[in-house]
Amino acid sequence: MDVFRIEGGHSLSGTVEAGGAKNAALPIFAATLLTAGTCRINAVPDLTDIRFMGKILRYLGARVEQVGPHSWEIEAGEVHHRAPYELVRQMRASVCLLGPLVGRLRQAEVSLPGGCVIGPRPIDLHLKGLNRLGCEIDIRNGYVHVDGSGLHGDYLYLGGRHGSTVTGTANMIMAAVLAPGTTRIESAACEPEVVDLCQMLVKMGAKIHGIGSHYLKIEGVAELTGCEHTVLPDRIEAGTLLLAGAITNSEITVQNVIPGHMRALLDAMEGCGIPSEILPDERQITVHPTESPRNPVEIITLPHPGFPTDLQAQMLALMTLTPGLSFITERVYPNRFMHVPELLRMGAHVSMEGPSAVVKGVDKLYGAPIMASDLRASAALVLAGLAAEGETWIQRIYHLDRGYEKLEEKLNKLGARVERLNEDSIPRELVEAG
Ligand code: EPZ
């Protein structure tokens, strides 16, 4: 397994480009099951999760070809409806196969996704929605069996204890676009990634109204055609790169961004006293260094357009080096703080109060051997390593590769010193020190 060796303390400079959004590309890949036609998807990030979704689609019978570094061609001519445990358990996002399989084949058999370190990942809202659309749901032997022979448009409410559900909304939309009648979805997720999925489905012939709002109206059609679609820029990768500039007090520009998708982060950065500017073409954001000390912040993660939970860990890393007391509360995944124990190993001062982290800024973080645990926690540890004094070794970097394409190359292009090495490169004295 790979590890990162990061030599901290270097300021960054230059320009870096964000790639296509993982969390749009995954449901968009699933949506290709809705047609026997050929779909060409561009600006697809080159990630393990993407390649894995391609593998699942192949298993279901689709022709799946990577026709360029970031372009794929998928033709789901003849597909079957069963997604097996050994595949689904490896990637929770495969749950968004349910909707398109029911929409296209009127049946689905998908293994229940496991939980993961950021918390239990229930799909009760997905199943409640499919039930409202006339499906019979049966859970046995760890699989969800859906009989969609009675699929029909209907009204459904998707709000849950933690707000709406992103992949749940994607699933309901993908089931409804081919369901006879009209479907009205109340409390739909309106993340930009859901909007991108809807825009692709409209290109395929779907009739969806209210795109981008919490209220969607979908008129079912008989069939959908293939299309060509370019995935929108990844606001979470872009935010992570901006925070790399902030935590090293550098001037960097991130290209291929849609500032309108990043208002909550930009607002938090402004509150923290980090100067940034949206360049005139509205597709680039520059973060600037500042001589004055940063201000502590209070952040609560919420569904879009609130502060994204996927940037919580990265923001917390920045707060460990921001004077004063910052408060970060998770309203989406209350347990999403696996990065905290590792940051403590680097000298951070963080105490947990239920779903809230109280972060007392310190002058310095110190490099240490630490462990990645999930995608965004790994990104937070990389940011901390960039700013820390000395050498940081991060193990289990495969977590990072699920959602960031060549992150070390992008950071090194900006002047960072991040090496990807084999795990046996870690100095023994560091490993024995425990
Ligand atoms: C999507 O996950 C993203 N993944 C996650 O990004 C992201 O953190 C999350 O949305 C929230 O924005 C993909 O899009 C592939 P949810 P999803 O269903 O759809 C609860 C990353 O790092 N809930 O919106 O699985 C759930 O427990 C990943 O890129 C129910 O209670 O998230 C959570 O507390 C991590 N019942 C909240 O809702 C349900 O049926 C939001 O979950 C479904 C969800």
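Criteria and cut-off values
Residues numbered from 1 in each chain as written. Predicted model: local features only at pLDDT ≥ 70, side-chain atom pairs only at ≥ 80, totals over all residues. Heavy atoms only, no water. Pairing = 2+ DSSP bridges. Helix = DSSP H or I, 4+ residues; strand = E, 2+ residues; numbered from the N terminus. Axes fitted to C-alpha atoms, helices over the stretch in contact; angles between N-to-C directions. Contact = heavy atoms within 4.5 Å. Buried < 20%, exposed > 50% of the residue type's maximum accessible area, 1.4 Å probe, protein only. Polar contact = N/O pair within 3.5 Å; in protein donor to acceptor, adjacent residues only side chain to side chain. Expected span 1.5 Å × (residues − 1). Parallel < 35°, antiparallel > 145°, perpendicular 65-115°, else oblique. Left-handed = near helix turned anticlockwise from the far one by under 90°. Nonpolar A, V, L, I, M, F, W, Y, C, P; charged D, E, K, R; others polar. Salt bridge = Lys/Arg side-chain N within 4 Å of Asp/Glu carboxyl O. Domains from an automatic or database assignment. Buried area = accessible area lost by both parts, 1.4 Å probe.

S.K.: Before we move on, could you go through the sheet that holds strand E2 (residues 13-17) and cite the residues and values that matter?
M.R.: The strands making up a sheet associate through backbone hydrogen bonding, with each pair oriented either parallel or antiparallel. A sheet is described by the order of its strands in space; here four strands give the open sequence E2-E15-E17-E16, paired in mixed fashion. Sheet topology places E2 and strand E16 (276-278) at the edges, where each strand pairs with a single neighbour. Put simply, the sheet's adjacent strands are angled 15 degrees from each other on average, direction ignored. For E2 and strand E15 (residues 251-255), the ladder comprises five bridges, and the chain directions are parallel. Of the residues in E15, the one forming a bridge with serine 13 is glutamate 251. The strands touched by helix H8 (residues 235-247) within the sheet are E2, E15 and strand E17 (284-287), with E15 carrying the most contacts at an inclination of about 170 degrees. Lying on the sheet, helix H9 (residues 263-271) is in contact with E16 and E17; it crosses E16 at an angle near 145 degrees.

S.K.: For helix H6 (residues 166-176), give the residues involved together with the corresponding values.
M.R.: Burial runs high along H6: nine of the 11 residues are buried. Its side-chain oxygen 2.9 Å from the backbone nitrogen of glycine 168, threonine 165 forms the N-cap of H6.

S.K.: Break down helix H12 (residues 375-387) for me, with residues and values.
M.R.: Given 3.6 residues to a turn, an α-helix orients residues that are three or four positions apart in the same direction. Taking 1.5 Å per residue, 13 residues should reach 18 Å; H12 reaches 19 Å between its end C-alpha atoms and fits that length. Counting buried residues along H12, 12 of its 13 residues qualify, which places the element largely inside the surrounding structure. Leu375, Arg376, Ala377, Ser378, Ala379, Ala380, Leu381, Val382, Leu383, Ala384, Gly385 and Leu386 are the residues of H12 that are buried.

S.K.: Can you explain the packing of H8 against H9? Please cite residues and give values.
M.R.: For the pair H8 and H9, interaxial distance at closest approach is 11 Å and the crossing angle is 15 degrees. The angle between H8 and H9 falls in the class roughly parallel. Here the hand of the crossing between H8 and H9 comes out right-handed. Here H8 contributes Gly239, Leu242 and Leu243 to the contact with H9, which in turn contributes Leu265, Leu266 and Met269. When grouped by side-chain class, the residues that make up the contact of H8 with H9 number five nonpolar, one polar and no charged.

S.K.: Kindly report on the pattern of salt bridges, identifying the contributing residues and their values.
M.R.: Between side chains of opposite charge, pairing is possible as soon as their charged atoms come close. With the rule as written, the count across this model stands at 20 salt bridges. Via salt bridges that share partners, Arg5, Glu7, Glu391, Arg417 and Glu419 belong to a single interconnected network.

S.K.: Describe the domain arrangement of the protein, with residues and values.
M.R.: According to the domain assignment, the protein contains domain 1 (2-19 + 233-433) and domain 2 (22-230). Placing the centre of domain 1 and that of domain 2 at their C-alpha centroids yields a distance of 31 Å. On the domain 2 side, the residues contacting the 23 residues of domain 1 number 22 residues. For the pair domain 1 and domain 2, the summed buried surface comes to about 1900 Å²; carbon and sulfur atoms form 51% of the total. At the junction of domain 1 and domain 2, the tally comes to two salt bridges. Run the count over domain 1 and domain 2 and you get nine residue pairs in polar contact (both at pLDDT 80 or more).

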